Amino acid sequence: MKALEINNLSFKYKDSNKLIIDDLSFSIDKNEFVTIIAPSGTGKSTLFRLILGLLRPQKGDINILSEGVKNIIGYMPQKDSLMPWRNILDNTAVGLELNGYSKKDARNKAVKYFESFRLKGTEKSYPNELSGGMRQRASFLRAIVNNPSILLLDEPFSSLDALTRRKMQTWLLDLCQREKNTVFMITHDIDEALLLSDRILICTELPYKNLKSIEVSIKRPRNYETTLSSEFIELKRVILNILDMLEDTKEEVKNEEI
Amino acid sequence: MKRFNDLIFPFVFLVFILLAWEFLIPYFEVPNYIVPKFSDVLKVLWSQKELLYKHSVVTLGEAILGLCISVIIGISCALSIYLWRSVGKTLYPIIIFSQTIPTIALSPIMVMWFGYSIWSKVAVVILFCFFPIVISTLDGLNGVDKDLEDVLRALGGSRLQIFLKLHMNSVLPNFLSSFKIAATYSVSGATIGEWLGAEAGLGIYIKRAAGMLQSDSVFAGVLVLSFLGLVLFSIGFLLEKILLKYRRKLKEDNYEIKKS
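It should be emphasised that the depicted structure is a prediction, and the values quoted were computed from it without experimental measurement. (Residues numbered from 1 in each chain as written. Chains lettered and ligands numbered in written order. Predicted model: local features only at pLDDT ≥ 70, side-chain atom pairs only at ≥ 80, totals over all residues. Heavy atoms only, no water.)

### Structural notes on the overall build of chain A
For chain A, the helix and strand inventory stands at eight helices and nine strands. Taking 2.2 N^0.38 as the reference for a compact globule, 258 residues should give roughly 18 Å; the C-alpha atoms of chain A span a radius of gyration of 19 Å, in line with that estimate. C-alpha extents for chain A along the principal axes are approximately 60 × 45 × 35 Å. Sorting the 258 residues of chain A into buried and exposed places 52% on the buried side. Long-range contacts, defined here as pairs at least 24 residues apart, represent 70% of the contacts in chain A between residues at least 6 apart. (Helix = DSSP H or I, 4+ residues; strand = E, 2+ residues; numbered from the N terminus. Rg over C-alpha atoms; globule rule 2.2 N^0.38 Å. Buried < 20%, exposed > 50% of the residue type's maximum accessible area, 1.4 Å probe, protein only. Contact = heavy atoms within 4.5 Å.)

What follows is the structure, given as structure tokens:
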């Protein structure tokens, strides 16, 4: 079953005539973890904003298929974006409050996740009292607590230091292997993409048109050791080659413009 | 101990200044009508306490009424500018323009329009107070975390829900700091309004006293005025303490090692 379907999507911003997305089609299956890798500043966040319904495409459609009545998307931006005036528990429960839960019920439901999100004891703390990794986990919990049809993660760990990032990656890996969420993630980090994903989409030409899809056939359960295995390194080489090719075409385009 | 130090130094300094005032004036033989001794000011404060009280009530009433209306106008202006682009384009330049005219020059016009009633004074107070509220509230609205807005929208929040949960809260610190500024302005506004025409109020009290070269009464009036300003400022300060509890917690933890 599909969780997200994008058909012949085209988009450009009103005040420019340059297409950002040109006739793009792809889909994500339910319970699938898909990552998109593309050079920065090419419009990955635009793609996310289109899926979130914050931007309207000129052409094509985006379908989020869910069992519930209302489409709920769990979105985790680059920064943790927690509300400084709410404690961690109320921050994570806000999605439930927006969907008709009373404050009390929302808290009761959210607090159950605190153990597995390693946030126990922080319920009454305010965001600025927590470490970056904890804030990121709280932001993730906020995205997930409503049981969303799909999770969109926009470079979720890019603001963390390398050590914390590694910890968070393995934590997310364990969580997703257990819970089987449908996830669509943007990242620059090839290791992160390979470790977590079932499938990696790589943007091979600009504007976004055809995405190269690479199955990550490394068997699960994975752990951080996986990043040292030969099949992991083999796949990494494949991806690096594709990205190198893209870099070249991008430079050619620049030369033409001059 | 630290708390004690925080209190004792300002107190000692204040006492030092007042003692210097008290004893240097006769030492340098400054005439009484230029600067009165501090004790003379205190004497007037005591002997004219009923009169000063009567005038204070008038001034405070004008200031509070003007401040309340300024808050309402200020917030509505900021909201309409934020919500509707065209309103913003129209209103914003006018608001800026209204502040480039010296407010004191506008005040006589207020007297012409509203006469000697309380409303001419209230109008002057509004002229002084609404500007910082509009600008600061608007800055707060524009500074709302866009990512956070997207997150809440994605989670299924309606525009109204997001406004109530996100915008209202993120704008609060900006609003309260502008309220503190406006609160101190409001007393100046009321005083100026009274100078231009009033039957009662501390502005009139000071004007009359100055006319009779009773500098001790003038100083007493000024002291009461600054006290009124302080009272109104404290309201803002208290609101901050109550509404922005999370901030205080932040400050306390600033120097502690963050939990990991």
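### Overview of the interface of chain A and chain B
Contacts between the two partners involve 32 residues from chain A and, on the opposite side, 23 residues from chain B. Of the roughly 2600 Å² buried at the junction of chain A and chain B (both faces included), carbon and sulfur atoms supply 62%. Here chain A and chain B share four salt bridges between them. Between K79 of chain A and D145 of chain B there is a salt bridge; the shortest N-O distance is 3.4 Å. Our enumeration of links across chain A and chain B arrives at seven residue pairs in polar contact (both at pLDDT 80 or more). (Buried area = accessible area lost by both parts, 1.4 Å probe. Salt bridge = Lys/Arg side-chain N within 4 Å of Asp/Glu carboxyl O. Polar contact = N/O pair within 3.5 Å; in protein donor to acceptor, adjacent residues only side chain to side chain.)

### Side note on the environment of I69 of chain B
Residues and elements named next belong to chain B. Position of I69 relative to the elements: it lies in helix 3 (residues 49–83). Separated by 61 residues in sequence, I69 and F130 have C-alpha atoms that sit 8.3 Å apart. Not counting residues up to four positions away in its chain, the partners in contact with I69 are W119, V122 and I126.

### Re the sheet that holds strand 3 (residues 33–37) of chain A
Paired through their backbone hydrogen bonds, the strands of a sheet run either parallel or antiparallel. Residue and element names in this part refer to chain A. Taking strand neighbours across the sheet as the criterion, the six strands line up as 5-6-7-3-8-9 in an open arrangement whose pairing is mixed. Because the sheet does not close on itself, it has two edges, and the strands there are strand 5 (73–76) and strand 9 (211–215). Strand-to-strand twist across the sheet, computed as the mean angle between neighbouring axes with direction ignored, equals 20°. Direction of pairing for strand 3 relative to strand 7 (residues 183–187): parallel, over a ladder of five bridges. Bridge pairing in strand 7 places I37 opposite T187. Taken strand by strand, helix 5 (residues 132–144) contacts strand 5 and strand 6 (150–154), and its axis lies near 165° from that of strand 5. (Pairing = 2+ DSSP bridges. Axes fitted to C-alpha atoms, helices over the stretch in contact; angles between N-to-C directions.)

### Comments concerning the pattern of salt bridges
For the structure on display, the rule yields 13 salt bridges over all chains. Taking the shortest distance from any N to any O, the salt bridge between E240 of chain B and K180 of chain B comes out at 3.0 Å. Linking E240 of chain B in helix 10 (residues 215–243) with K180 of chain B in helix 8 (residues 159–196), this pair joins segments that are 60 residues apart in sequence. A residue is classified by how much of its surface remains accessible, and E240 of chain B, at 14% relative accessible area, is buried. The exposure class assigned to K180 of chain B is buried, which follows from its relative accessible area of 16%. What you see here is one network of salt bridges that share partners, running through K79 of chain A together with D145 and D147 of chain B.

### Structural notes on the sheet that holds strand 2 (residues 21–29) of chain A
All names here are of chain A. As summarised here, the arrangement of the three strands in space is 2-1-4, forming an open sheet in which the pairing is antiparallel. Here the strands that pair on one side only, and so sit at the sheet edges, are strand 2 and strand 4 (59–64). On average, each strand axis in the sheet is tilted by 10° relative to the strand beside it, whichever way the strands run. When strand 1 (residues 2–11) meets strand 2, the two strands line up antiparallel, connected through six bridges. Within the sheet, the bridge partner assigned to L9 lies in strand 2 and is L24.

### Examining the nonpolar core
Side chains of a nonpolar character, in soluble globular proteins, are inclined to be buried together. Of all hydrophobic cores here, the largest spans 83 residues; its most connected members are L4, I21, F26, L47, L152 and F184 of chain A. The greatest single-element share of this core, amounting to eleven residues, is contributed by helix 8 of chain B. The residues contacting F26 of chain A, other than those within four sequence positions of it, are L4, E5, I6, L47, F184, L201 and L211 of chain A. Of all hydrophobic cores here, the second largest spans 48 residues; its members include A110, L153, F157 and L172 of chain A. (Core = buried A, V, L, I, M, F, W, Y, C linked by side-chain atoms within 4.5 Å.)

### Focus: the packing of aromatic side chains
How two aromatic rings sit relative to each other is set out by the distance from centre to centre and by the angle between their planes. Across all of its chains, the model carries twelve aromatic pairs over all chains by this definition. Ring geometry for F48 of chain A against F184 of chain A: centres 5.5 Å apart, planes inclined by 45°, an arrangement best described as tilted. Here F48 of chain A is found in helix 1 (residues 44–51), whereas its partner F184 of chain A is found in strand 7, with 136 residues between them in sequence. For the pair shown, F48 of chain A and F184 of chain A are each scored as buried. Between W21 of chain B and F219 of chain B, the aromatic rings sit 5.8 Å apart at their centres with planes inclined by 50°, giving tilted as the arrangement. Note that W21 of chain B is positioned in helix 1 (residues 2–27) and F219 of chain B in helix 10, a separation of 198 residues in sequence. In this structure F219 of chain B comes out as partly exposed when scored by relative accessible area, which is 28%. Clustering of aromatic rings is evident, with ring pairs tying together F26, F48, Y75 and F184 of chain A. Its guanidinium or amino end placed over the ring of Y224 of chain A, R166 of chain A lies 4.2 Å from that ring's centre, counting from NZ or CZ. The ring centre of W46 of chain B lies 3.9 Å from the NZ or CZ of K49 of chain B, which sits over that ring. (Phe/Tyr/Trp six-rings, centres within 6.5 Å; stacked < 30°, edge-to-face > 60°. Lys NZ or Arg CZ within 6 Å of the ring centre and 35° of its normal.)

### Observations concerning the confidence of the model for chain B
All names here are of chain B. In this model, chain B carries an average pLDDT of 88, and 94% of its residues clear a pLDDT of 70 or more. Counting interchain partners and residues more than four positions distant, the pLDDT-below-50 stretch residues 255–260 has nine contacts. Of the two predicted TM-score estimates for the complex, the pTM is 0.80 and the ipTM is 0.82. (pLDDT = per-residue confidence, 0-100.)

### Overview of the packing of helix 3 of chain B against helix 6 (residues 118–142) of chain B
Residues and elements named next belong to chain B. The contact between helix 3 and helix 6 brings their axes to 6 Å, and the two run at 35°. Between helix 3 and helix 6 lies a crossing of right-handed hand. Classifying every residue of the contact of helix 3 with helix 6 gives 23 nonpolar, five polar and two charged. (Left-handed = near helix turned anticlockwise from the far one by under 90°. Nonpolar A, V, L, I, M, F, W, Y, C, P; charged D, E, K, R; others polar.)

### So, helix 5 of chain A
All names here are of chain A. For helix 5, spanning 13 residues, the distance from its first C-alpha to its last is 18 Å, which sits close to the expected 18 Å at 1.5 Å a residue. Within helix 5, eleven of the 13 residues are buried, which leaves it mostly tucked inside the rest of the structure. Residues G133, M134, Q136, R137, A138, S139, F140, L141, R142, A143 and I144 constitute the buried set of helix 5. (Expected span 1.5 Å × (residues − 1).)

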